[in-house]
Amino acid sequence: MHPERQSSPTPSVTSFRSSMHSESLFREVAGRVLNTRNDMYMLPVDDEEQDRQDIEHRALYLVLDGLYAAPDLVAKAMAPRQNRPSAVLDIGTGSGIWAMDMAREFPHAEVVGIDLAPPTLHSEAIPNNCRFEVDDVNYELAHYADCFNVVHMRSIAQGIRNYKDTIHRVAQTLRSGGVLLLSAGAYSFFGEDRQPIPLVEEGQPGWTACQALLTKVYEIGRRSGADLDAPSQWDKWLEASPFYTDVGVEDIYVPIGPWIPNLDLRCQRIAQLTQIDAARAFPAFKPLLLLGGVDMDTAERWISTAVKEVQQMRPKLFFRWRYVWAVRTKKKWYEME
């Protein structure tokens, strides 16, 4: 099956071009725009959030010195073939920037980005070999069976009900030798010693709005049914699966702001972009906090205080990214019992 189809037999899929202006895809909460397809995912999908995602993308590009971990595996999987073109699936594409960058890096490949809402892009900005669809990966993926050489999922746990099952079903979409790329940020900030910041009651010594906010986001997400603990199990699930091999994992700690002395120019830029990213992420939590039962005064106080903390770099914080990858085996895919 070729990934560039004109229409889908699957009810969960809506084409990007026909739906990008559809009001049925959106709702407004606390002045921000949210999706209407997945109640677990309570983060914005508006222009402001997609601009933030672009900043985060730029930081992570510098972290990895490219678009992906395991570059040798990806290069092998994406090598041009005569029998059928290479193809990439970006699940949770957000602003679409990763998918479009992949389309430019691999002009011989077809790249498909899917998400709960379409990226707010002008059609002329989209490479000819890139397309977007509205879809929810919590539902079946049979319409993409054996279509892709690379599948990428970054920062989507807030919208995933059962990540282990999702990883299993994604194997159906990967061709033999294809690469699965997973990445996510931790639901904790880390101190100078790279240990999690202790959670302290507000008003007590050591309390930080940053940690209070991220902990509350985690608690509300878990309560809504999101599988937020999954990243700690990704490598174990992949190693136990008959559909994956060559599993790798790497944790990367990124300073929030250039508080570490004598950073080189690249690391300074990563720290600065991460600082900007965090300061923009905190206001994006407001709808989730309110929907999760936090009162307006507390939400606004925590957000404004957290923004000041990262801007002033007090306390000095790290943010941790986890990268996990695996290669699809030749094993024929089957449903789990």
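Structure shown above.
None of these values were measured; they are calculated from a predicted model.

How each quantity is defined
- Residue numbers run consecutively from 1 along every chain, following the written order of its sequence.
- Local features in this predicted model are restricted to residues whose pLDDT is 70 or higher, and side-chain atom pairs enter the listing and the counts only when it is 80 or higher, whereas totals over whole chains, interfaces and linings include all residues.
- In computing side-chain values, all of the structure's heavy atoms are included and hydrogens and water are not.
- Per the convention used, a helix needs a DSSP run of H or I reaching at least four residues, while a strand needs a run of E reaching at least two, with both numbered from the N terminus.
- Here the term buried applies to any residue with accessible area under 20% of the maximum for its type, exposed to any over 50%, and partly exposed to those in between, with areas from a 1.4 Å probe on protein chains only.
- Pairing of N or O atoms within 3.5 Å defines a polar contact, subject to two protein rules: one partner must be a possible hydrogen donor and the other a possible acceptor, and residues neighboring in sequence count only if both atoms are side-chain atoms.
- Residue contacts are defined here by distance: any two heavy atoms, one from each residue, within 4.5 Å place the two residues in contact.
- Axis lines are fitted through C-alpha atoms, for helices just across the contact stretch, and the angle between N-to-C directions can take any value from 0 to 180 degrees.
- For classification purposes, angles smaller than 35 degrees are called roughly parallel, those larger than 145 roughly antiparallel, those between 65 and 115 roughly perpendicular, and all remaining angles oblique.
- Helix crossings are classified by the rotation of the near helix relative to the far one: an anticlockwise turn of less than a right angle makes the crossing left-handed, while a clockwise turn makes it right-handed.
- Note that Gly is not counted as nonpolar here; it falls among the polar residues with everything else outside the nonpolar set of Ala, Val, Leu, Ile, Met, Phe, Trp, Tyr, Cys and Pro and the charged set of Asp, Glu, Lys and Arg.
- Salt bridge criterion: a side-chain nitrogen from Lys or Arg within 4 Å of a carboxyl oxygen from Asp or Glu.

A. Broad picture of unusual backbone geometry. Residue proline 315 follows arginine 314 across a cis peptide bond; omega there is 5°. Here proline 315 shows up in the loop between helix H10 (296–312) and strand S10 (318–328). Even without being glycine, aspartate 146 reaches a positive phi, approximately 55°. Position of aspartate 146 relative to the elements: it lies in the loop between strand S6 (130–134) and strand S7 (148–154). You will see that asparagine 262, though not glycine, has its phi angle at about 65°, which is positive.

B. Layout of the side chain of serine 95. By secondary structure assignment, the location of serine 95 is in the loop between strand S4 (87–91) and helix H4 (97–105). Serine 95 sits in the buried class, given a relative accessible area of 4%. For serine 95, the side chain forms a polar contact with the main-chain nitrogen of isoleucine 97, separated by 3.4 Å. Leaving out residues up to four positions away in the same chain, serine 95 has contacts with Gln50, Gln53, Asp54, Met100, Pro119 and Leu121.

C. Here's a closer look at the packing of helix H6 (residues 209–224) against H10. H10 packs onto H6 with a crossing angle of 125° between their chain directions and a minimal axis gap of 8 Å. By the angle between their directions, the pair H6 and H10 is classed as oblique. Crossing angle aside, the handedness with which H6 passes H10 is left-handed. Where H6 abuts H10, its residues Ala209, Cys210, Ala212, Leu213 and Lys216 lie against Trp302, Ile303, Thr305, Ala306, Glu309 and Val310. Taken together, the residues of the contact of H6 with H10 sort by class into eight nonpolar, one polar and two charged.

D. Region of interest: the packing of helix H8 (residues 265–284) against H10. As a packed pair, H8 and H10 sit with axes 9 Å apart at the nearest point and diverge in direction by 175°. Considering the angle they form, H8 stands roughly antiparallel to H10. In this structure, H8 contributes Gln275, Ala278, Ala279, Phe282 and Pro283 to the contact, and H10 contributes Ile303, Ala306, Val307, Val310 and Gln311. Partitioning the contact of H8 with H10 into residue classes produces eight nonpolar, two polar and no charged.

E. How the structure looks around the pattern of salt bridges. A complete count under the given rule lists 14 salt bridges for this structure. Where arginine 52 meets glutamate 56, a salt bridge forms, and the shortest distance between an N and an O atom there is 3.1 Å. Here arginine 52 and its partner glutamate 56 are both found in helix H2 (residues 47–64), four residues apart, which amounts to about one turn of the helix. As far as the burial class goes, arginine 52 and glutamate 56 line up, both buried. A salt bridge links lysine 216 to glutamate 219, with the shortest nitrogen-to-oxygen separation between them at 3.3 Å. Residue lysine 216 and its partner glutamate 219 are located together in helix H6, separated by three residues, close to a single helical turn. You can call lysine 216 partly exposed: its relative accessible area is 24%. One salt-bridge network, held together by shared partners, links Glu49, Arg52, Glu56 and Asp277.

By themselves, these observations are geometric and do not establish any function.
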